[in-house]
Amino acid sequence: MTLTTDRRRHDREILALAVPAFGALVAEPLFLMADSAIVGHLGTAQLAGVGVASAALTTATGVFVFLAYATTAAVARRIGAGDRRAAIQQGVDGIWLALALSVGVVALTLLLAPQVADALGASPTAAPYAVTYLRISALGIPAILMVMASTGVLRGLQDTRTPLYVAVAGFAANLGLNAGLVYGAGLGVAGSAWGTVIAQTGMAAVYVFVVVRGARRERASLRPDPAGIRASARAGGPLMVRTLSLRAILMIATAVAAGLGDDEIAAHQIAMTVFLFIAFALDAIAIAGQAIIGRYLGAGDVPGTRAATRRMIEWGIGSGVVLGLLVVVARPLYVPLFTPDPAVQHQLNTVLLLLALCQPVSGLVYVLDGVLMGAGDGPFLAWAMLATLAVFAPAALAVPASGTGLAGLWWAMNLFMLVRGGFLAWRARGGRWLVTGAVRS
């Protein structure tokens, strides 16, 4: 009875955090989808320019996702230790760090926009639109990074509902603003960029209001604390290495697929779309893991940490099995929506089987990644991802010479997940990551 009760309690905690987190994660890429849909009616050159600029912005801001992850873990620890004031103070330090980092990113984006557009292969007709979109969108980078940090604060406080509400409202505002500024005001690509900047700034303002209100309630200081900001940066550094290594893996995979041929790169991009959507679902459980594990360790509850980890692993693997089956069974429904080309469909059907095969492992990987992030085990995650990159890169780069085609590349992708899962499972079985207390020393 006790075991059943504990499982139900963990299930309630996981679902309460994971379901809203999934909604917020899905809402995020809708910003770019809305931009693409609206700008697409302006012309091919405009759409190409926005596509190049969006890729650059996603990369420039995505490497700072540690602002959310590290803040979640640090805030959750203090919540577990019963010190809500210190938890919110830690979150405030994370927001100040986001602002500090954004200054350099904005300056570089404004200065190097033409060079970035050229490096990403923008055509002469698309490049002016890419530069325009980049330079205007750069003004929204502080808001993007502040949203990341503020989201981490709320997740650490065990609140994933507020980020969902803000994300949905932000998407709706973005859609309305873009349509009005692009067509109503006749601003074209510039209107799309301004609409997104305004929506992002509004989201950041809402988050800051929520955090400031909480800080005043707990009488936490809103002033920048250099020591706290440095601590946030130290915690985030290893997670940045992890993120850069992960992005390198995905970039290598795309480069190899592009070298195999047009059919192969088309099928690969569609498969990656499915892969990333599934990642949103599994990452929602990981986000719940960050918040829950940080809280348990902050409270000094190692048995509770172990029990919650076991239950989340069951959720992750089970979700992976279900999602893998859906990928296979639903192929006749969604593959034609992506492409009518029989050659691309043939390539895609094979790749999707390989993708589905690895989803139970993916479920384990995402959960343990979140668990170890929640424990503040960033240095291990950085070294593990670097080692995984070292295994994946030669396997992927050998694909063209091996003659195994796109299927060979996706076997390499599965190897990437298996190696990553092996490192994470080995770490989770040990006890070195189980550091208790309000602050991980």
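Residues numbered from 1 in each chain as written. Predicted model: local features only at pLDDT ≥ 70, side-chain atom pairs only at ≥ 80, totals over all residues. Heavy atoms only, no water.

A. Looking closely at the environment of Arg247. Residue placement: Arg247 occurs in helix α9 (residues 226–260). Considering only alpha carbons, one finds Arg247 and Tyr69, 178 residues apart in sequence, at a separation of 16 Å. Ignoring sequence-local partners within four residues, the contact set of Arg247 consists of Thr58, Thr59, Gly62 and Val63. (Helix = DSSP H or I, 4+ residues; strand = E, 2+ residues; numbered from the N terminus. Contact = heavy atoms within 4.5 Å.)

B. Geometry of helix α10 (residues 262–298). For α10, which comprises 37 residues, the first-to-last C-alpha distance of 51 Å matches the rise-based estimate of 54 Å (1.5 Å per residue) to within 8%. By the largest-angle criterion, Leu282 marks the main kink of α10, which is about 30°. Burial within α10 is extensive, with 27 of its 37 residues counted as buried. Positioned one or two residues after α10, Gly300 has a phi angle of 75°, which is positive. (Expected span 1.5 Å × (residues − 1). Bend = angle between axes of the 7 residues up to and from the residue. Buried < 20%, exposed > 50% of the residue type's maximum accessible area, 1.4 Å probe, protein only.)

C. The side chain of Asn414, seen in detail. Locating Asn414 in the fold gives a position in helix α17 (residues 405–429). Looking at Asn414, its side chain comes within polar contact range of the main-chain oxygen of Leu354, at 3.0 Å. Leaving out residues up to four positions away in the same chain, Asn414 has contacts with Leu354 and Cys358. (Polar contact = N/O pair within 3.5 Å; in protein donor to acceptor, adjacent residues only side chain to side chain.)

D. Quick peek at the packing of aromatic side chains. Applying the stated criterion to the full structure yields five aromatic pairs. Measuring from centroid to centroid gives 6.1 Å for Phe380 and Trp426, while their planes differ by 35°, and the two rings are tilted. Here Trp426 lies in helix α17 and Phe380 lies in helix α15 (residues 378–397), a separation of 46 residues in the sequence. Judged by its relative accessible area of 13%, Phe380 is buried. For Trp426, a relative accessible area of 58% gives the class exposed. Note on Phe392 and Phe416: the rings are 6.1 Å apart at their centroids and 65° apart in plane angle, and the pair reads as edge-to-face. (Phe/Tyr/Trp six-rings, centres within 6.5 Å; stacked < 30°, edge-to-face > 60°.)

E. Region of interest: the pattern of salt bridges. For the coordinates displayed, the defined rule picks out nine salt bridges. A salt bridge links Glu218 to Arg84; the nearest nitrogen and oxygen atoms lie 3.7 Å apart. Of this pair, Glu218 sits in helix α8 (residues 188–218) while Arg84 sits in helix α4 (residues 84–119), and the two are 134 residues apart along the sequence. For Arg84, a relative accessible area of 36% gives the class partly exposed. With its nearest N and O atoms 3.3 Å apart, the salt bridge here joins Arg420 to Asp369. You can see Arg420 sitting in helix α17 and its partner Asp369 sitting in helix α14 (residues 359–374), a full 51 residues away along the chain. Comparing Arg420 with Asp369 shows no difference in burial state: the two are buried. Taken together, the salt bridges that share partners define one network made up of Arg7, Asp11, Arg311 and Glu314. (Salt bridge = Lys/Arg side-chain N within 4 Å of Asp/Glu carboxyl O.)

F. Geometry of the nonpolar core. Counting 128 residues, the largest nonpolar core has Leu67 and Trp410 as the members making the most contacts within it. The leading source of residues in this core is α10, at 18 residues. When neighbours within four sequence positions are excluded, Trp410 is seen to be in contact with His268, Ala271, Met272, Phe275, Val351, Leu354 and Leu355. (Core = buried A, V, L, I, M, F, W, Y, C linked by side-chain atoms within 4.5 Å.)

G. Geometry of unusual backbone geometry. Phi at Gln158 takes a positive value of approximately 70°, unusual for a residue other than glycine. Secondary-structure assignment places Gln158 in the loop between α6 (141–156) and α7 (161–184). For Gln158, a relative accessible area of 22% translates into the label partly exposed. Although it is not a glycine, Arg219 adopts a positive phi angle of roughly 60°. Checked against the element boundaries, Arg219 lands in the loop between α8 and α9.

H. Representation of the packing of α4 against α6. Running from N to C, α4 and α6 cross one another at 155°; their axes reach a closest spacing of 8 Å. Here α4 lies roughly antiparallel to α6, going by the angle between them. Every pair of crossing elements has a handedness; the one defined by α4 and α6 is right-handed. Here α4 contributes Gly91, Gly94, Ile95, Ala98, Leu99, Leu101, Ser102, Val105, Val106 and Thr109 to the contact with α6, which in turn contributes Ile141, Pro142, Leu145, Met146, Ala149, Ser150 and Val153. Looking at the contact of α4 with α6, its residues break down into 12 nonpolar, five polar and no charged. (Axes fitted to C-alpha atoms, helices over the stretch in contact; angles between N-to-C directions. Parallel < 35°, antiparallel > 145°, perpendicular 65-115°, else oblique. Left-handed = near helix turned anticlockwise from the far one by under 90°. Nonpolar A, V, L, I, M, F, W, Y, C, P; charged D, E, K, R; others polar.)

I. Representation of the packing of α4 against α8. At their nearest, the axes of α4 and α8 sit 9 Å apart, and the two run at 145° to each other. Taken as a pair, α4 and α8 cross one another with a handedness that is left-handed. Only Val211, Gly214, Ala215 and Glu218 of α8 make contact with α4, whose side of the interface consists of Arg84, Arg85, Ile88, Val92 and Ile95.

J. Spotlight on the environment of Val206. Locating Val206 in the fold gives a position in helix α8. As for Val206 and Trp410, which are separated by 204 residues in sequence, their C-alpha atoms are 42 Å apart.

K. Fine view of the side chain of Arg77. Mapped onto the elements, Arg77 comes out in helix α3 (residues 66–80). There is no salt bridge for the buried Arg77, and the closest opposite charge comes from Asp377, which lies 8.6 Å off by N-O distance. A distance of 2.6 Å separates the side chain of Arg77 from the backbone oxygen of Val435, its partner in a polar contact. (Lys, Arg positive; Asp, Glu negative; His and termini not counted.)

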